[in-house]
Amino acid sequence: MPVKSIFRALIVAVSIFLAGAAALGQSNLSVRGVAEDDTGAIIPRAQVTLLDSNEVEVAHTVANDLGEFAFTRLAAGDYSIDIEAAGFKKTQAKVTVAAGSAELQHIRMKIANVSQEITVKAGDPVAMDGNISSVEVNHDLLKSLPVKDDNPLAAAAVFLDPAANGAEGTKIVVDGVETTDLDVPSSSVKSVAVNKNPYSAEFSRPGKGRIEVITRPGSLTRVHHHFVTTFRNSSLDATNAFATERPQRSRSFWEGDINGPLFGQNGSFYLGGEYLHDEQSSFVHAITPTAALTQTVDRPERTWHLLGRVDYRLNSLNTLSARYSFSRDNVDNQGVGVFDLASRAYNSQSRGHEVRIAETALLSVNFSNEIRFAFKDKDHSATPLSNAPARIVLGAFNGGGAQINQDLGERSYELQNLSTWIRGRHTLRFGVTAKRRDIEVTDASNFGGTFSYSDLASFAAGHPFLFTMNQGTPSVSFSQNEYSYFVQDEMRLRPNLTVMLGLRHELQSNLDDHNNLAPRFGFSYAPGKGGLVLRAGAGIFYDRLPWLMQQQTLLFDNNHIHRIVMQNPAFNQIPPAGLAASPGSIVTIDPAIRSPYVTQATVGVDKRFGSNNSISVEFATMRGLKLYRTRNLNAPLPSTGLPPNPAFINVNQFQSTGSSRANSLSVTYRAAVKQRAEFLAQYTLSKSTDDTSGMFSQPSDDFNLALERGRSDFDRRHRFNLAGIFQLPWGFRLGTITSISSGIPFNITTGSDTGDDADNVVANDRPAGVPRNSGNGPMYSDVDIRLSRKIVLGPKREHGTRYLELRIDAFNALNQVNATNYVGVITSPLFGRANSSLPARQIQLSVKASF
């Protein structure tokens, strides 16, 4: 459907909604309320029933995610409100409805006895999502932690396990729909969670390989406004360790939202947006033929996010939710930094539209069904500032043009149906998902050619070891369909014993591998009343075939793009004519390729001390099989020195022949001192090995894959993460995110490709006897802090308070030099040293207003 048609449909829908709001606004009396526990915390999704004076049901509804509910168009009189929620005792409140009475009803619910609780609820110690090692950060906590530009993912991402990631990285799930990034305003995020239910069959990846994001609806009770402005300037920052000067830099971030009731309190709306204006910089630290070069290059960025959402109760049992989001990101002078000189810059633009519609039906007290539809239209382009041939000198500098020139358009359509049925001791959840992707891509990268040199001496002599260049018609389009379904039963067999069984099946259109059944199992058992819970689980998690593989095989088929690869070319300048007649190189997908999968098993123990302190010890083991890599099937045979197919130079094939193994022991400690402090600390001892770095990873010897076994690129023996909030005197609050870890490895190479494969395309040969990733980088240390103080404006109101919050953030507060990009090319003047680092200390000032 064209974007213009979607806009017209949205305008019509909004007009109908507004007309309905005007009509419903003529209703008479109403009653509004909020479900809360004994501490005043909200209770979302509670069942609310309104009874008349004769105890006859008048209406029924479900509280929203903010615990709010409303009944409208009522006659004057006396009523009762009955509220039920899992884990709480049924509560009844009396209320009188009369003209002029609009008081908000705060209904407090008491926690039910454990022995009386049958259904599984969030926060239950023996529930599958009650594990202490999970990390969930709610909206209130997010605004107290130091995160750049209020990015809600930053607080949870430090607790991820890279070994649990798939071929496309960490999965981000926003309101149940998978996405590649969080392209909604941070103010719309209600909570983010990691490892909430490690073995949930609803998701394709393990708990520590995904981030679950829940957005919040508008309020049903009154209109809320929030506004945040953030400012950073280079005058407040420290100087980067690899820069000779501190460049002028300004950074501002603006965010605001408005939300409130709609349609006579039968619905709500939310409208929020954010804008980032960042004059950031990239730092070049390279070795040129004349001298060492240290350079600072401006890299301005402009980012917009917009979200509009409407939630409407069609009746007492059905709720309709619709939302539209827009994102745009412009970055200039990308691709510059480290070894890449300013001439390598390119500009990128990304734009996205997304429409989501969801309908939730409460068919009975114990059965609910939700239908979700999502449409996303996303475009990305990269345009080089120079089309000059690129010149890559290994371990020294990269000059010439960027040789990156792309236009990508992706449109996806996703339909989900999910059901939850609670029957006695069982909580059954099942669902099905169908997704279609339509891809259009034009990739004219490397049409100007790239010369590669082993070292500075080869560059000075004009002797490249490799020349590559693309020619042809670089445009293709294709589609990919993905399907999955799952069923899961969480059984509360006894008050202190929960068992979960699940099964997931994934399929896709461009993969002839349909035996991807993924069973999941987990149990939690509390042997006594001392707060001790034993947990164990195991499961299989399949990955998908990335659409990028299909794109590469269609483009590099020697028809769309003729890829020229020349070993030791006789020229060093503009390529001569007639290269189109030379043998080309192609990319293929192994006909026997399969879906990679990870088997994971964990066993652990949780111990709670009182109501606010707990510790968890967990051992996890993961085994990855059929992992993606690339091999050159046309590498010269060791016996003859000739390629098997002389019609081509290289035949690079995507295969699923890699494997990995990871073991970890983690200790998680949570503590809360009433109204004084709250923090979560986690230490992990781990080891991860594999023989591939991903789908584009090529072995140093195509005929001896055993040489690739080594430390994983992300392997860190020790990791410590802390997220905490501490109350200080005079109303100040201190928040911190602290991360300390040992170094990651780097590969040591000779700067050439002279092994048995002798394909001279990837200069990744290693010295004899040196394993892959045998170099070890330095430790990483980062301490971010936020100091804030809230100033209440005016008297406290019935629901919500006007306030002004002042914040000051310090990122890398200790100004630790976290070196990156350790050079492993032994011919490089920088061998064994780093030539870049993560940002030095940065100070950020911000103000938040709520009214």
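From a predicted model like this one, the values you see are computed outputs, not experimental measurements.

The rules behind these values
- Residues numbered from 1 in each chain as written.
- Predicted model: local features only at pLDDT ≥ 70, side-chain atom pairs only at ≥ 80, totals over all residues.
- Heavy atoms only, no water.
- Helix = DSSP H or I, 4+ residues; strand = E, 2+ residues; numbered from the N terminus.
- Rg over C-alpha atoms; globule rule 2.2 N^0.38 Å.
- Buried < 20%, exposed > 50% of the residue type's maximum accessible area, 1.4 Å probe, protein only.
- Contact = heavy atoms within 4.5 Å.
- Areas by Shrake-Rupley, 256 points an atom, 1.4 Å probe, with all protein chains shown as cover.
- Lys, Arg positive; Asp, Glu negative; His and termini not counted.
- Charge placed at Lys NZ, Arg CZ, Asp CG, Glu CD.
- Pairing = 2+ DSSP bridges.
- Salt bridge = Lys/Arg side-chain N within 4 Å of Asp/Glu carboxyl O.
- Polar contact = N/O pair within 3.5 Å; in protein donor to acceptor, adjacent residues only side chain to side chain.
- Axes fitted to C-alpha atoms, helices over the stretch in contact; angles between N-to-C directions.
- Phe/Tyr/Trp six-rings, centres within 6.5 Å; stacked < 30°, edge-to-face > 60°.

A. Here's a closer look at the overall build of the protein. Across its full length, the protein holds five helices and 45 strands. For a compact globule of 851 residues, the expected C-alpha radius of gyration is about 29 Å, and the protein comes in at 29 Å, within 12% of that figure. Split into buried and exposed, the 851 residues of the protein put 53% on the buried side. Taking contacts inside the protein between residues at least 6 apart in sequence as the whole, the part at least 24 apart equals 70%. Counting only carbon and sulfur atoms, one obtains 58% of the accessible surface of the protein, whose full area is about 36000 Å². Here the protein contributes 83 positive and 81 negative side-chain charges, whose respective centroids are spaced 5 Å apart.

B. Layout of the environment of serine 191. Locating serine 191 in the fold gives a position in strand β11 (residues 189-194). A relative accessible area of 8% means that serine 191 is categorised as buried. Setting aside residues no more than four positions away along its own chain, serine 191 makes contact with Glu136, Val137, Asn138, Glu212, Val213 and Ile214.

C. Looking closely at the side chain of serine 660. With respect to the helices and strands, serine 660 occurs in strand β34 (residues 648-673). Not counting residues within four places of it along the chain, the set of residues in contact with serine 660 comprises Met622, Arg623, Gly624, Leu627, Thr689, Asp690 and Arg709.

D. Summary view of the side chain of threonine 450. For threonine 450, the location among the structural elements is in strand β24 (residues 450-453). When neighbours within four sequence positions are excluded, threonine 450 is seen to be in contact with Ala390, Ile392, Gln403, Leu466, Phe467 and Thr468.

E. Highlighting the pairing of β24. Where burial is concerned, the two faces of β24 agree: the one with Thr450 and Ser452 and the one with Phe451 and Tyr453 are both buried. Where strand β20 (residues 390-393) and β24 come together, four bridges link them in parallel fashion. Residue pairing for β24: alanine 390 is matched across the bridge by threonine 450. Bridge count for β24 against strand β25 (residues 466-472) is three bridges, and the pairing is antiparallel. In the sheet register, phenylalanine 451 faces β25, and the bridge partner there is phenylalanine 467.

F. View of the pattern of salt bridges. Counted according to the given criterion, the structure contains 36 salt bridges. One salt bridge in this structure joins glutamate 370 and arginine 372, with 3.3 Å as the shortest N-O distance. Under the relative-accessibility criterion, arginine 372 is labelled buried at 10%. Between glutamate 805 and arginine 807 there is a salt bridge, with the nearest N and O atoms lying 3.3 Å from each other. As far as burial versus exposure is concerned, glutamate 805 and arginine 807 are alike and both buried. Several salt bridges converge on common partners, so that one network encompasses Glu168, Lys171, Glu178, Glu410, Arg437, Glu482, Arg504, Glu506 and Arg544.

G. Representation of the environment of arginine 711 within the structure. The topology assignment puts arginine 711 in strand β36 (residues 710-711). Note on arginine 711: relative accessible area 17%, which makes it buried. The contacts of arginine 711, once residues within four sequence positions are left out, are Ser688, Thr689, Asp690, Arg717, Gly743, Ile744, Pro745, Arg772, Asn773, Gly775 and Asn776. A distance of 2.8 Å separates polar atoms of two side chains, one belonging to arginine 711 and the other to aspartate 715.

H. Molecular detail of the sheet that holds strand β4 (residues 68-74). One open sheet accounts for three strands, arranged β4-β1-β7; its pairing is mixed. Every other strand in the sheet has two partners, leaving β4 and β7 (104-109) as the edge strands with one partner each. Strand-to-strand, the axes of this sheet are offset by a mean angle of 25°, without reference to chain direction. Strand direction decides the pairing type here: strand β1 (residues 29-37) and β7, joined by six bridges, are parallel. Looking at β7, one finds that arginine 32 is bridged to leucine 104.

I. View of the sheet that holds strand β10 (residues 177-179). Strand order across the open sheet formed by five strands is β8-β11-β12-β9-β10, with mixed pairing between neighbours. Since the sheet does not close on itself, it has two edges, and those belong to β8 (135-138) and β10, each with one partner. Looking at each pair of strands side by side, their axes are set apart by 20° on average, direction ignored. As paired strands, β8 and β11 are joined by four bridges and run antiparallel to one another. In the sheet register, valine 135 faces β11, and the bridge partner there is valine 194.

J. Geometry of the packing of aromatic side chains. Per the stated rule, a full pass over the model turns up 16 aromatic pairs. Centre to centre, the rings of phenylalanine 263 and tyrosine 312 are 4.9 Å apart; their planes meet at 70°, and the pair counts as edge-to-face. Here phenylalanine 263, found in the loop between β14 (250-262) and β15 (267-287), pairs with tyrosine 312, found in strand β16 (residues 292-313); they are 49 residues apart in sequence, far enough to count as distant. Like tyrosine 312, phenylalanine 263 is buried.

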